[in-house]
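This is what each chain is made of:
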Amino acid sequence: MQLLKSITDIHEPTLIVITGPTASGKSALAVDVAERLGTGIISADSRQVYRGIPIVTAMPTDDERSRVPHHLIDMLPLDAYYSAAEFERDALALTRRMLSEKGVAVVCGGSMLYVDALCHGIDELPTVPDSIRDSLKQEHDSHGDGWLLEELRRVDPEYYEVVDRRNMKRVFHAVEIVRAAGTTYTSLRTGQRRQREFKIRKILLDPPRDVLFDRINRRVDAMVRDGLEEEARSVYPMRALNSLNTVGLKEMFAWFDGTMDRTTAIERIKKNTRVYAKKQMTWRKRETDWERIVPDYNE
């Protein structure tokens, strides 16, 4: 309760950003904060924007959504394109509206690029015409991830060396930008931070690693009990979509494909989620302007 009081002690228009690794409890805290302040939550989760996969994305529950308004969740079909630039535009408009009406807004999510886009802005990149995006998608569908990686290495070898090559959405985006701009993606990345006109308070939940990993394992078990298999089977025919290229579904699809058994798939989900959580923690350790909080899950 003392933690909640300190976060909600607001004296000027403020955007409260609550983040942390997956399963750290940030969503529950964000709901408590937003409810106490009488405002809503803007989701900064790159997968919760899509409809049809609420279990694997840990979508806010019906109870949480009834307590406070949630924005930028459950709104797009699985085949829709949505980028960090589009998130910045939408989230910034929502933030300004909520600050005008309520004096405070809450952002919650673990997609690091999305959080940074709202807080600091991202490089201004050219709009990619549908013709270029559709053409690249057809080539990618025909030739696969290996081809796309080689294409990025050919058109922008410098970015190829630094990009997360397992994040095919990011690789795809870089190639389409190169085709649209006629220059390398690297040359367009300035890394300059924008100064927002409102105050930003940044809260980072930072639980001990052993506690976090136990919570991740138990969350995956709960997802399986809640119907993860059925959800994965419902979208399996569309498994090539980028929106479904996510931990929890990839392993289920591998089981359905016969390349691993059910037990292995579930254990692999736990392992890959722990790996992702470590990446999230590493990302934030590079920054010093976060209020780091070790949550007490017994409160």
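Residues numbered from 1 in each chain as written. Predicted model: local features only at pLDDT ≥ 70, side-chain atom pairs only at ≥ 80, totals over all residues. Heavy atoms only, no water.

Student: Can you help me understand the pairing of strand β4 (residues 104-108) in this one?
Tutor: The two faces of the sheet receive side chains in turn, since in a regular strand these alternate between them. Among the 5 residues that make up β4, 5 are buried, leaving the element largely enclosed by the rest of the structure. Bridge analysis of strand β1 (residues 14-19) against β4 gives 5 bridges, and the strand direction is parallel. When the bridges of β4 are listed, Ile18 appears paired with Cys108. (Buried < 20%, exposed > 50% of the residue type's maximum accessible area, 1.4 Å probe, protein only. Helix = DSSP H or I, 4+ residues; strand = E, 2+ residues; numbered from the N terminus. Pairing = 2+ DSSP bridges.)

Student: Where do I start with a positive patch on the surface in this structure?
Tutor: Where like charges cluster on the molecular surface, the positive patch consists of Arg209, Arg268, Lys271, Lys278 and Lys285. Among the elements that line the positive patch, the one with the most residues is helix α14 (residues 262-285), at 4 residues. On the secondary structure map, Lys285 appears in helix α14. (Patch = residues over 30% accessible without salt bridge, like charges linked within 9 Å, V, L, I, M, F, W, Y side chains within 5 Å. Areas by Shrake-Rupley, 256 points an atom, 1.4 Å probe, with all protein chains shown as cover. Salt bridge = Lys/Arg side-chain N within 4 Å of Asp/Glu carboxyl O. Lys, Arg positive; Asp, Glu negative; His and termini not counted. Charge placed at Lys NZ, Arg CZ, Asp CG, Glu CD.)

Student: What exactly am I supposed to notice about the side chain of His70 here?
Tutor: Among the structural elements, His70 can be located in strand β3 (residues 70-71). Polar contacts involving the side chain of His70 include one to the main-chain carbonyl oxygen of Val68, which spans 3.0 Å. Not counting the four nearest positions on each side in its chain, His70 is found in contact with Val31, Ile41, Pro60, Glu64 and Arg65. (Polar contact = N/O pair within 3.5 Å; in protein donor to acceptor, adjacent residues only side chain to side chain. Contact = heavy atoms within 4.5 Å.)

Student: It is not clear to me how the pattern of salt bridges should be interpreted in this structure. Could you clarify?
Tutor: Here the idea is simple: oppositely charged side chains can pair when their charged atoms come close. Summed over the entire model, instances satisfying the criterion amount to 25 salt bridges. Across the pair Arg179 and Glu139 runs a salt bridge, and its minimum N-O distance is 2.7 Å. Here the residue Arg179 occupies a position in helix α9 (residues 168-181), and Glu139 occupies one in helix α6 (residues 130-143), the gap between them amounting to 40 residues. With relative accessibility at 29%, the residue Arg179 sits in the partly exposed group. On the accessibility criterion, Glu139 (24% relative accessible area) is partly exposed. A salt bridge links Lys270 to Asp221, with the shortest nitrogen-to-oxygen separation between them at 2.9 Å. Remark: Asp221 occurs in helix α11 (residues 209-226) and Lys270 occurs in helix α14; sequence separation between them is 49 residues.

As far as function goes, none of this settles anything; it's purely spatial.
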